[in-house]
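A look at the structure
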Amino acid sequence: MNYRRWVIPDIHGCSKTLRALIGQQIKPGANDELWFLGDYIDRGPDSKGVIDYLMELQSREYNLKLLLGNHEDYCIKAWEADKSAKRFLGMRFKNKTQKVWELHGGTQTLESFGVEFAGDIPEKYIKWMRGLRYYAELENYIIVHAGLNFSIDDPLSDKFAMLWTKDFKVDPAKIRHKKVIHGHTPVDLEFLDHVIRSKQYHFIDLDNGVYINNRPGYGNLTAFELNTGQLLVQPNVDF
């Protein structure tokens, strides 16, 4: 295969770190694939900048494959709830969905857009989020944001689990003996590297908690190359 396929997990508003990873380490060619596992926004300082950069790469016809994360799902629902909210005496209040979203990093996203209410985020960003897919099935891998629900016959039918599950045990027979690549749940670099190198695991969790800057072994944005198994590690340069 004469092109590379990089998988990049949760970015969480760290636009400078993302730019460093792609521009200084990956340096993608025109035929390379860039797979993203969702959670582009929240927690970090520049969620808008992350999406702007990804839109820029798309406009330059780089081959981006973009999955939906639970934080984008939060944002979409908060935006929709705000758009449909009734005003009382012309006054505007934050809806319950937005309040919950803010507790999980939405506050930083709103700040990056310079708005107080989710409904004031420009619609082009919401449309972009709505266009994200839940999962992708490749010849050897299932790529998904959080994981899969293996307690049911068809793990690929549970979209909620794809965005939210934290603890799952892979049943290889239910996914044609493919390996699950996901993010969502931060793990330290030592464990991440061990899982990649070991044959015994049926999953690879790539999320190193890019926004976690006070715990040894965390705080990096990673990229995993599907053809060679190479792992790139980009320290956070946003904080």
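So, here is what we can say about the structure in this document.

About the thresholds
Residues numbered from 1 in each chain as written. Predicted model: local features only at pLDDT ≥ 70, side-chain atom pairs only at ≥ 80, totals over all residues. Heavy atoms only, no water. Helix = DSSP H or I, 4+ residues; strand = E, 2+ residues; numbered from the N terminus. Buried < 20%, exposed > 50% of the residue type's maximum accessible area, 1.4 Å probe, protein only. Contact = heavy atoms within 4.5 Å. Lys, Arg positive; Asp, Glu negative; His and termini not counted. Charge placed at Lys NZ, Arg CZ, Asp CG, Glu CD. Salt bridge = Lys/Arg side-chain N within 4 Å of Asp/Glu carboxyl O. 1 Å grid on protein atoms, 1.4 Å probe; cavity = no way out; pocket = protein on both sides within 12 Å on 5 of 7 lines; lining within 4 Å. Points joined across faces, edges and corners; volume = space filled by probe spheres on them. Pairing = 2+ DSSP bridges. Axes fitted to C-alpha atoms, helices over the stretch in contact; angles between N-to-C directions. Parallel < 35°, antiparallel > 145°, perpendicular 65-115°, else oblique. Left-handed = near helix turned anticlockwise from the far one by under 90°. Nonpolar A, V, L, I, M, F, W, Y, C, P; charged D, E, K, R; others polar.

To continue, consider the overall build of the chain. Each helix and strand in the chain was counted, giving seven helices and nine strands. Its C-alpha atoms give the chain principal-axis dimensions of about 65 × 45 × 35 Å. Looking at the 239 residues of the chain, the share that counts as buried comes to 54%. Restricting to contacts in the chain with at least 6 residues of sequence separation, those with at least 24 account for 65%. Between the mean site of the 31 positive side-chain charges and the mean site of the 32 negative ones, the chain shows a separation of 2 Å.

The tally for this structure, following the rule as stated, stands at 13 salt bridges. Lys-77 serves as the salt-bridge partner of Asp-73, at 3.0 Å between the closest nitrogen and oxygen. Of this pair, Asp-73 and Lys-77 both sit in helix α3 (residues 70-84), four residues apart, which is roughly one turn of the helix. One salt bridge connects Arg-130 with Glu-80, and the closest N-O pair in it is separated by 3.0 Å. Here Arg-130 is found in helix α5 (residues 123-130), whereas its partner Glu-80 is found in helix α3, with 50 residues between them in sequence. Take Glu-80: its relative accessible area is 34%, and that puts it in the partly exposed class. Beyond isolated ion pairs, a larger network of salt bridges with shared partners links Arg-19, Glu-56 and Arg-60.

Within this model, the largest pocket holds a volume of roughly 150 Å³. Forming the boundary of the largest pocket are Lys-166, Asp-167, Phe-168, Val-170, His-182, Thr-185, Val-187, Phe-191, Phe-203 and Asp-205.

Here we take up the sheet that holds strand β5 (residues 141-144). The strand order across the open sheet built from four strands is β4-β5-β6-β7, with neighbouring strands paired in mixed fashion. With one partner strand each, in any of the chains shown, β4 (135-137) and β7 (203-205) form the two edges of the open sheet. Strand-to-strand twist of the sheet, defined as the mean angle between neighbouring strand axes without regard to direction, takes the value 15°.

Moving on, we get to the packing of helix α2 (residues 47-59) against α5. Helix-helix packing is characterised by the crossing angle of the two axes and by the distance between the axes. The contact between α2 and α5 brings their axes to 12 Å, and the two run at 70°. With respect to each other, α2 and α5 are oriented roughly perpendicular. In the packing of α2 onto α5, the handedness of the crossing is left-handed. Along its contact with α2, which presents Lys-48, Ile-51, Asp-52, Leu-54, Met-55 and Gln-58, the element α5 presents Lys-124, Tyr-125, Trp-128 and Met-129. Considering only residue class, the contact of α2 with α5 consists of six nonpolar, one polar and three charged.

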